[in-house]
Amino acid sequence: MKAIQTFIDHYNYFITIFLMVAGLYVVIARGNMVKKLIGLSIFQTSVYLLYIAPGKIIGGTAPIIDPAFKVYSNPLPHVLILTAIVVGVATLALGLALVVRINEAYGTIEEDEIFRQDGGK
Amino acid sequence: MILLTLMAIVVIAIVTQRSLFGVVILSGAYSFLMASVLIVYDAVDVAMTEASVGAGVSTVVLLGTLALVKTREARADARQPLALFVALVVGAALVWGTLQLPSFGTADAVIHRHVAPYYLQNVVPQTNVPNVVTAVLADYRGYDTLGETTVIFTAGIGVMLLLRGAWRRAQRNRKDA
């Protein structure tokens, strides 16, 4: 019974971890560079959940001060993650520009084909 | 809870999907689900940003890339035991770490007793901005936001430099041919 309660209380963390692990797996295991970058951004967005979820108070409301409300969720994770989202899309754009450049130089975006063209194993 | 489960399902689809076009569309759907979850977590500003930047700009940038490269992932599904192992070990360590965290939504967790009450109490007298997130971002931590815009500016310069060179070479090749 207690185990089930713990599971429900931490369900958001488990999903967050699942997203993180899935992103990590895609980054390591997939050779296609666009897929890799999407995996990286899934990894990144899972961190948003990791930050925002502890800030939520059940019965609280969005942190916009109004006399009608007393309990607000924690605003600080929101500030941090706003920054993270914008920086995340900037790095994604830079990575994709590199992918376009690699595609131009090698004619492919598959990692193993690029290694083969470089004369590696 | 249902939204979170949906997100997990979409991510499984992203991992298994071979067509890159499908992956991009799924990641747009993923971003919208993320925005919905953030609204449930009271993070309305973050949800708005995620819906516009994550689901909007990212998808456009990804589609723009797909227009220039091949849209099919080549390799047949090769199992990668090492990657799976690393991912599972990391996952297990994280689960072990989060079990000690306070339950979801409790009001007396440590995170709510540090500087957050200070901001919530003083934000209107000090800055006259009712939205606490805006006040912290632009008033209390304005220099950090300046640093953030510097990062974006640098990334923008990088993208322009990379793509302009590519465009020029394409022009030259066309002239030669």
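Residues numbered from 1 in each chain as written. Chains lettered and ligands numbered in written order. Predicted model: local features only at pLDDT ≥ 70, side-chain atom pairs only at ≥ 80, totals over all residues. Heavy atoms only, no water.

A short note on the overall build of chain B
Note the following rule: Put simply, DSSP marks the helices as runs of H or I at least four residues long and the strands as runs of E at least two long, and each gets a number from the N terminus on. Each radius of gyration is computed over the set of C-alpha atoms, and the globule rule expresses the reference value as 2.2 Å times the number of residues to the power 0.38. Relative accessibility under 20% of the residue-type maximum defines a buried residue, over 50% an exposed one, and the middle range a partly exposed one, all with a 1.4 Å probe and only protein chains included. Any two residues whose heavy atoms approach within 4.5 Å at even a single point are treated as in contact. Note on areas: Shrake-Rupley with a 1.4 Å probe; residue coverage comes only from the protein chains shown. Just so you know, the count uses Lys and Arg for positive and Asp and Glu for negative, and it drops His and the chain ends. Positions of charges follow a simple convention, taking NZ of Lys, CZ of Arg, CG of Asp or CD of Glu.
A tally of regular secondary structure across chain B gives seven helices and zero strands. Shown N-terminal to C-terminal, the secondary structure of chain B runs as helices and strands in the order α-α-α-α-α-α-α. Relative to the globule expectation of 16 Å for 177 residues, the C-alpha radius of gyration of chain B, 22 Å, shows a markedly less compact shape. Along the first, second and third principal axes, the C-alpha set of chain B runs to 70 × 40 × 25 Å. Residues classed as buried in chain B amount to 35% of the 177 residues present. Taking the intrachain contacts of chain B between residues at least 6 apart in sequence as the baseline, contacts between residues at least 24 apart amount to 46%. Put simply, chain B shows about 10500 Å² of open surface, and 70% of that area lies on carbon and sulfur atoms. Across chain B, the mean location of the 13 positive side-chain charges is 19 Å away from that of the 10 negative side-chain charges.

Considerations on the interface of chain A and chain B
Worth spelling out the cut-off: Once two parts are brought into contact, the accessible area they lose, counted with a 1.4 Å probe and summed over both, makes up the buried area. Within this document, salt bridges are pairs made up of a side-chain nitrogen of Lys or Arg and a carboxyl oxygen of Asp or Glu, the two lying within 4 Å of each other. By the criterion applied in these results, polar contacts are pairs of N or O atoms within 3.5 Å in which, for protein atoms, one can donate a hydrogen and the other can accept it, and in which residues neighboring in sequence qualify only through two side-chain atoms.
Contacts between chain A and chain B engage 75 residues on the former and 84 residues on the latter. When the two sides are added together, the surface that chain A and chain B hide from each other amounts to roughly 7400 Å², 76% of it contributed by carbon and sulfur. Taken together, the links from chain A to chain B amount to one salt bridge. Taken together, the connections running from chain A to chain B amount to eight residue pairs in polar contact (both at pLDDT 80 or more). Residue assignment for the side of chain A that touches chain B shows that the elements contributing at least two residues are helix H1 (2-9), helix H2 (11-29), helix H3 (33-55) and helix H4 (76-106) of chain A. Broken down by element, the residue count for the side of chain A that touches chain B peaks at 23 residues, all from H4 of chain A.

A look at helix H7 (residues 142-176) of chain B
Within an α-helix, residues lying three or four positions from one another point in the same direction, as the helix has 3.6 residues per turn. The condition is simple: What a helix is expected to span follows from its residue count: subtract one and scale by 1.5 Å.
Over its 35 residues, H7 of chain B extends 51 Å from the first C-alpha to the last, a length consistent with the 51 Å expected when each residue adds 1.5 Å. All of the buried residues along H7 of chain B are Glu 148, Ala 155, Gly 158, Val 159 and Ala 166 of chain B.

Some details on the pattern of salt bridges
Counted according to the given criterion, the structure contains four salt bridges over all chains. The closest approach of N and O atoms between Lys 36 of chain A and Glu 111 of chain A, which form a salt bridge, is 3.7 Å. Of the two residues, Lys 36 of chain A sits in helix H3 while Glu 111 of chain A sits in helix H5 (residues 111-117), which places them 75 residues apart along the sequence. Judged by relative accessible area, Lys 36 of chain A falls into the buried class, the value being 17%. Residue Asp 144 of chain B is joined to Arg 141 of chain B by a salt bridge in which the shortest nitrogen-to-oxygen separation is 3.0 Å. For Asp 144 of chain B, a relative accessible area of 44% translates into the label partly exposed.

Things to note about the packing of aromatic side chains
Residues and elements named next belong to chain B. Put simply, the rule reads: In this scheme Phe, Tyr and Trp rings, the latter by its six-membered ring, pair at centre separations within 6.5 Å, and the angle between planes marks the pair as stacked below 30 degrees, edge-to-face above 60, and tilted otherwise.
All chains considered together, the criterion is met by two aromatic pairs over all chains. Note on Tyr 118 and Tyr 119: the rings are 5.9 Å apart at their centroids and 70° apart in plane angle, and the pair reads as edge-to-face. Looking at Tyr 119, the relative accessible area reads 12%, which means it is buried. For the ring pair Tyr 119 and Tyr 140, a centre distance of 4.8 Å and an interplane angle of 65° mean the geometry is edge-to-face. Note that Tyr 119 is positioned in helix H5 (residues 116-127) and Tyr 140 in helix H6 (residues 132-140), a separation of 21 residues in sequence. Three or more aromatic residues joined by ring pairs form one cluster here, namely Tyr 118, Tyr 119 and Tyr 140.

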